[in-house]
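Summary of structural features
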Amino acid sequence: MCMTKSYKLKVFANKKKIKELNKLVAFWRDQVNHKIKLFWSFENVKSSYPPQQYCCGGKLVGDASVKSWRIVKGAKATEQKEKPYFEGKEIDLDQICIYIIPEFKTKLFDIWFKVISLTPRKRLVLPCKRTKIFNEAVKKGRLKKSFKLLKINGNYYIECYVEFPEVKKKNNNIVGIDVGLNKAIVTSDGKILGKELKDLRIRTKWRSYKRKLSPVKQWLNHYAKKLTQLYPNSDFAVEKLLFKGKKGSSKKFRRNNNNWPYMWLAKKLSELGHLKGFEVIKVNPYGTSIKCPLCGAADKANRHGELFQCVSCGHTGDADMVGAVNIKLRAERVAREHYVPLTSLGTLGTGTFVSKRDLIFTGENIISAYKSPTASLISSHTLQPTLCPSHCLSPRVRLLH
Ligand SMILES: [Zn+2]
């Protein structure tokens, strides 16, 4: 398994080259939109590539056809009603259309690209400067041979992709992380990070930062890194955030949803996890803010703003930290789960299962069962086959150690 990260390098082109690039981008945009119009009328866009006869006319035309085919295919798959429009701020370039001039450097520019142009057999030579982050990335990972040419606010960038091998480590500790409204990031052992985030979120709107990362995102990146330094050899647990209305939710809805900083943090942590070898476990967020981590009582009355006080056992604590502890506990439970094929149930015997309370149903099907010492008897044939959520498609039953 690999993970890919992207890095932008600015193109330092003179006026003549910018003009050529503008022409190239406009040509690509028109080609893609022209083909979208054509393919949109097709009944069947199921195949991976467009029919051969629409791909001739040169390398760029062929690639544009494939691009528009994928756009149409994607739009039809999500039952989009209107014909898509390609705004044309980017061109996908494979290794035939672009390559790095090997071993070539000048005083000012230390990486040069040769890019296909609209004139046959003529290539555009584009100088760029390596950035520090890019250099570090290519030292650790493998630079891919395909690139993207991007046009952002009149400037051109080459987006590079670096593949990193995934690191796997076995960690014994799980740190729960909650993002409280007042304290930003709270960990299950009571550390509070990023108190300044709340003010930043109020003062800045992230939409106005198209080119650079918004200050909030920069802070969140910083704290994701900080968490990995504070807790080496640990896995992290976060809430799995589900958007209401999931599929149908518009971009605008997602943008306005105030959970995005949390999503960003979780995403950043996951990326770091692939590189450094820890896991980010996402748990069901239901009730994490009102459940008592000591006695398990879940009651809205447990929560008084920032204070948590259990109505059942009297346990008190900081409400955000209680949330983080619950997230940690839930993740530990998830980590103990394992899946067994349904066919091996016979060998587990019939007496080892669970009370009905511990079975999780989806409609008529039992989707999982917790093995517990106090279980009452349920025979194995009452356990319906289910699909294991992690990749394997054979019927399985989920058990806890
Ligand atoms: Zn309690």
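Residues numbered from 1 in each chain as written. Predicted model: local features only at pLDDT ≥ 70, side-chain atom pairs only at ≥ 80, totals over all residues.

1. As for the nonpolar core
If you look at the biggest cluster of nonpolar residues, it comprises 32 residues, and the most contacted ones within it are Ile177, Tyr223, Phe236 and Ala237. The set of elements that each furnish at least two residues to this core consists of strand 9 (173–180), strand 10 (184–187), helix 5 (215–230), strand 12 (234–239), helix 7 (260–276), strand 13 (280–283) and helix 8 (319–336). The element contributing the most residues to this core is helix 8, with 7 residues. In contact with Tyr223, other than residues within four places in its own chain, are Ile185, Leu193, Gly194 and Leu265. Of all hydrophobic cores here, the second largest spans 28 residues; its members include Leu9, Leu21, Phe39 and Cys128. (Core = buried A, V, L, I, M, F, W, Y, C linked by C-beta atoms within 7 Å. Buried ≥ 20, exposed ≤ 12 C-beta atoms within 10 Å, placed from the backbone. Helix = DSSP H or I, 4+ residues; strand = E, 2+ residues; numbered from the N terminus. Contact = placed C-beta atoms within 7 Å.)

2. Quick word on the confidence of the model for the chain
The predicted model of the chain has a mean per-residue pLDDT of 78, with 73% of residues at 70 or higher. A low-confidence stretch, residues 243–249 stays under pLDDT 50, and its non-local contacts, those more than four residues away or across chains, total 4 contacts. Counting contacts from residues 252–256, a segment whose pLDDT is below 50, to residues more than four positions away or on other chains yields 2 contacts. (pLDDT = per-residue confidence, 0-100.)

3. Thoughts on the sheet that holds strand 15 (residues 307–309)
Reading across from one edge, 14-15-16 is the order of the 3 strands in this open sheet, with antiparallel pairing throughout. Only two strands of the sheet have a single neighbouring strand rather than two, namely strand 14 (303–304) and strand 16 (316–318). (Pairing = 2+ DSSP bridges.)

4. Considering unusual backbone geometry
We note that Glu103 has phi near 60°; this positive angle belongs to a residue other than glycine. You can see Glu103 is positioned in the loop between strand 3 (98–100) and strand 4 (111–116). Its 5 C-beta neighbours within 10 Å are what place Glu103 among the exposed residues. For Asn233, which is not glycine, the phi torsion reads 55° and is therefore positive. On the basis of neighbour count, Asn233 is assigned to the exposed category, with 12 C-beta atoms found within 10 Å.

5. Here's the deal with the environment of Arg70
Mapped onto the secondary structure, Arg70 falls in helix 2 (residues 59–77). What makes Arg70 partly exposed here is the crowd of 16 C-beta atoms within 10 Å. Here the alpha-carbon distance between Arg70 and Pro50, two residues 20 residues apart in the chain, equals 8.7 Å.

6. Quick word on the pairing of strand 2 (residues 90–93)
Burial along strand 2 is one-sided: Ile91 and Leu93 are buried, and none of Glu90 and Asp92, which face the opposite way, are. Alignment of strand 2 against strand 7 (residues 147–152), held across 4 bridges, turns out to be antiparallel. Residue pairing in the sheet places Leu93 in a bridge with Phe147 of strand 7.

7. Observations regarding the environment of Pro102
Along the polypeptide, Pro102 turns up in the loop between strand 3 and strand 4. The exposed category is assigned to Pro102, around which 6 C-beta atoms lie within 10 Å. When the C-alpha positions of Pro102 and Phe113 are compared, they lie 9.1 Å apart, and in sequence the two are 11 residues distant.

8. Let's talk about the pairing of strand 12
Across the 6 residues that make up strand 12, a large majority, 5, are buried. When strand 12 meets strand 13, the two strands line up parallel, connected through 4 bridges. Bridge pairing links Phe236 to Val280 in strand 13.

9. What about the sheet that holds strand 3?
Strand order in the open sheet formed by 3 strands is 3-4-5, and the pairing between neighbours is antiparallel. Across the chains shown, the open sheet's two edge strands, defined by having one partner strand only, are strand 3 and strand 5 (123–128). Going from strand to strand, the sheet's axes swing by 25° on average, the running direction of each strand aside. Sheet analysis places strand 3 next to strand 4, joined by 3 bridges and oriented antiparallel. Residue pairing in the sheet places Ile100 in a bridge with Phe113 of strand 4. (Axes fitted to C-alpha atoms, helices over the stretch in contact; angles between N-to-C directions.)

10. Examining the packing of helix 5 against helix 7
What describes two packed helices is the angle between their axes and the distance between those same axes. Interhelical geometry of helix 5 versus helix 7 gives an angle of 45° and a closest axis separation of 9 Å. Between helix 5 and helix 7, the crossing angle belongs to the class labelled oblique. The handedness of the crossing between helix 5 and helix 7 is right-handed. Residues Val216, Lys217, Leu220, Asn221, Tyr223, Ala224, Lys225, Leu227 and Thr228 of helix 5 form the contact with helix 7, whose participating residues are Pro261, Trp264, Leu265, Lys268, Leu269, Leu272 and Lys276. Residue classes in the contact of helix 5 with helix 7 are distributed as 10 nonpolar, 2 polar and 4 charged. (Parallel < 35°, antiparallel > 145°, perpendicular 65-115°, else oblique. Left-handed = near helix turned anticlockwise from the far one by under 90°. Nonpolar A, V, L, I, M, F, W, Y, C, P; charged D, E, K, R; others polar.)

11. Observations regarding the environment of Leu143
Tracing the backbone shows Leu143 in strand 6 (residues 142–143). Here Leu143 falls in the partly exposed class, since 14 other C-beta atoms lie within 10 Å of it. Note: C-alpha distance between Leu143 and Thr4 (139 residues apart in sequence) is 9.5 Å. Beyond its immediate sequence surroundings of up to four residues, Leu143 is in contact with Val138, Cys160 and Val162.

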